[in-house]
Every structure is written in C-alpha cells, then in structure tokens.
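Report on the structure
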Amino acid sequence: MNNKIKIFGLLCCIFSFFWCSFWYETYWFTQYNENFWKSSFSCSNQCYIILWQKWNIDYMTLQWSVNWNWSYAYWFTMWDQVVLINQQNIFLQTQINESINFNDYAQYFSTIPNDSNLILLFNWNVNWELDIDANAFSIFEKFSQWWKDFRDMETYTPYSINLRYWVKINWISIVKYEYIVFIITSIFILIFKKWKKEKKIKTIFYLWLWLFLFTWVRNTITYTSILNQWLKWFYTDKTYFDLWDYIAFTDKVRAELDLDNYSKDDCKIYIDSFQDRPFVWHRESFYLKPCERVLTWDLADYKIYYKTEIPQEDLNKKILINSNNNYLLENNSK
C-alpha cells in the first residue's frame, strides 16, 4: 500500500511539473505567459526565447500581435558563438503573418550543427502574442528547392576574394553529392554487373571523369558570375566594400583598455551599431579579445556605440572614447 502511495505521489509530482512548466526556455522577460503554441509577454530591454534545435526544420510560420517599437532576429548557436540568420524591425502597433524559409540562408546553415538552438531575440520595449507553426517541406517542395539551389549563383561578398561556397543543394556542396553518386554507382557496377574486370574499371573511371567535369563546369559558371560582378564594380568607381573606420576604432578600443596586457579575470563588452556589418560581426572572435562580447547591456563592463548616438539612459556614463560618432563607455560609471 505504501509503495502504491509513493508511486501515485511521484506521478502527481511529474504531472504537476509538466503542467506548470513552459514549453520554451526564456530569459529576461518582465512578463511571460504561455498557452500551448501561443505566448504573450513583455520585454523592457533585450530578451530571447530558445525555440528548438535546428535538425530538419525547413521553414517556420509566425503570427505576431505587436505593440511598441522593437526588433527581432533569428539566431543559431554555434559552439561559443551565435550566427545571425535574419533580423526584422517592427514599429508601433502591427499585425503580422510571416514565414521564414531557412533554405534562403544556406551559406550559414551548412556550418551550423543540427543540435544548435534556434533563438528568437528581441530588443527594447515590446508587448506581443505569438503563434508558431514549424514545418518541413514536402518531397515535391524539397525537389523544387534543390533545383533552385542548383541554379542559384553566389553573390559578390567581402569574403569572395578568398572564399567560395560554390553550389550547395540543401546546404550541402554538390561535391559531396558527386562522391555519393560515384561510390554508390561504383559499388553497383562491381557487385551486380557481370563484366570483365577491365570493363568495370574503365566504366568507373569514365563515371568519375564525367561527374568531375559536370561539377567543375557548374562551379565555374558560379565563379564566372562572381567575377563579372567584381569587374562591373571595379570599372565603375573602384571602391571595395566601404568598411568605414571600424579597424581604426577597434585599435583605439584595444589601446584605451590596454587589451594586449589585460590583467583582469574577465571583461565583457556590449555593442550597439546601426547595422551588424562591419563592426558587430566577428567582434567576439578575436578583435576584442580577451574581452567577451555579451548580448545584454546590464552584464557589460563597457559599452560600444558604433555609428550611433548614445541613448538617453547612458548619457551619464563615463565616455572613454569619442571618435567620429563612435563611443566607448564605462558601463559601471555614474
């Protein structure tokens, strides 16, 4: 009898836990309510929701009821960094039904592990309700997407000078598909074809040659497309990706904080920029090391405002650097 009571009590505890627990993991919201797929909450500064891991989600549909000015972004965690997939800005009272196709960001997905978490990140004041509907493509939609991936050309980007993603289908390089087709076909020829050894070897050799030429030609078309974009740019104004003064400002920050000889155990920097590129991207990789870039201003020792004005709430902070509309502030100062 006592064992039955213990089992019953344990089941009640487990049921209560799942009944009271939220489906998503959330951080920094001032108010949060969740009812199955619907959520309503408020965020006063910066908040985020961990939705689910990447795995086989191809697209996601969201229905928003928004009040106030805010921005949201899709991120994926990747080792000790996060990668921005897409960011949208919403103003005032808005009703939105939208879908995001993650295949449109294939260059990022190819480097993101399947167990990485998809995060919704919100900035500033927002009160809203959200319906989420995540789905995978049907087999016909996948074929259509794969054909689109095969036909698409890479665009001219800052990394084009020394890096190519080439043609990718479903975030996978066509070179990998080439190897898969070659291996499977070769095994079939070796096992099931009653040919002489010489004929088998010759067929496998020509199979490899034609697959190699097919891949080479397709990737060369992409290379030529990028080259033509570069030539048109070069012939017009001969400027290359105006990266502003972010390198010079980075040097000033490193000198001001003496980061080459930084002796503290930790250092956290919050960055606000008018756009992610060029200053925000890769700051956490090594440009500001040993300082760590944080996504919440209240955890930071220092604040950087790049090409943007200092907000009202930070006007009383000590300004360590004021250079060409770029600022370094000591966050703990009064």
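Everything below is about the structure shown above.
We now turn to the structure provided with this report. Everything numeric here is computed off the predicted structure, so don't read it as measured data.

**Considering the pairing of strand E9 (residues 117-123)**
- Of all the 7 residues making up E9, 6 are buried; the element is thus mostly covered by neighbouring parts of the structure.
- The sheet contact formed by strand E4 (residues 46-53) and E9 spans 7 bridges and is antiparallel. Its bridge partner lying in E9, Tyr-48 is registered against Leu-121.

**Section: the pattern of salt bridges**
- This structure, assessed with the given rule, holds 4 salt bridges.
- Salt-bridge contacts for Lys-148 lead to Asp-152; the nearest nitrogen and oxygen are separated by 3.1 Å.
- With a closest N to O distance of 3.2 Å, Lys-307 and Asp-245 form a salt bridge. In this pair, Lys-307 sits in the loop between strand E15 (302-306) and strand E16 (318-323) while Asp-245 sits in the loop between helix H5 (197-236) and helix H6 (246-257), placing the two residues 62 residues apart along the sequence.

**A word on the nonpolar core**
- Residues Leu-51, Met-60 and Leu-120 are the most contacted members of the largest nonpolar core, which totals 24 residues.
- Contributing elements (two or more residues each) for this core: strand E3 (38-43), E4, strand E5 (59-67), strand E6 (70-78), strand E8 (94-101), E9 and strand E10 (126-135).
- The leading source of residues in this core is E4, at 4 residues.
- By size, the runner-up hydrophobic cluster in this structure holds 19 residues, among which are Leu-257, Ile-271, Val-280 and Leu-288.

**Some remarks on the sheet that holds strand E13 (residues 268-273)**
- The strand order E14-E13-E15-E17-E16 describes an open sheet built from 5 strands, whose pairing is mixed. Both outer strands of the open sheet, strand E14 (292-294) and E16, are each paired with one neighbouring strand and no more. Averaged over all pairs of adjacent strands, the angle between their axes in this sheet comes to 25 degrees, without regard to strand direction.
- As defined by bridge partners, E15 adjoins strand E17 (residues 326-330) across 5 bridges and the pair is classed as antiparallel. Paired with Tyr-302 across the two strands is Glu-330, which belongs to E17.

**What to know about the state of the cysteines**
- In the structure shown here, the tally under the stated rule is 1 disulfide.
- Residue pairing for Cys-267: its cysteine sulfur links by disulfide to Cys-291, the two sulfurs lying 1.9 Å apart. Where Cys-267 bonds to Cys-291 through sulfur, the torsion about that S-S bond is close to 80 degrees, and the disulfide is right-handed. Residue Cys-267 is located in the loop between H6 and E13, and its partner Cys-291 is located in the loop between helix H7 (283-287) and E14; the two are separated by 24 residues in the primary sequence. Comparing Cys-267 with Cys-291 shows no difference in burial state: the two are buried.

About the thresholds
Residues numbered from 1 in each chain as written. Predicted model: local features only at pLDDT ≥ 70, side-chain atom pairs only at ≥ 80, totals over all residues. Heavy atoms only, no water. Buried < 20%, exposed > 50% of the residue type's maximum accessible area, 1.4 Å probe, protein only. Helix = DSSP H or I, 4+ residues; strand = E, 2+ residues; numbered from the N terminus. Pairing = 2+ DSSP bridges. Salt bridge = Lys/Arg side-chain N within 4 Å of Asp/Glu carboxyl O. Core = buried A, V, L, I, M, F, W, Y, C linked by side-chain atoms within 4.5 Å. Axes fitted to C-alpha atoms, helices over the stretch in contact; angles between N-to-C directions. Disulfide = S-S within 2.5 Å.

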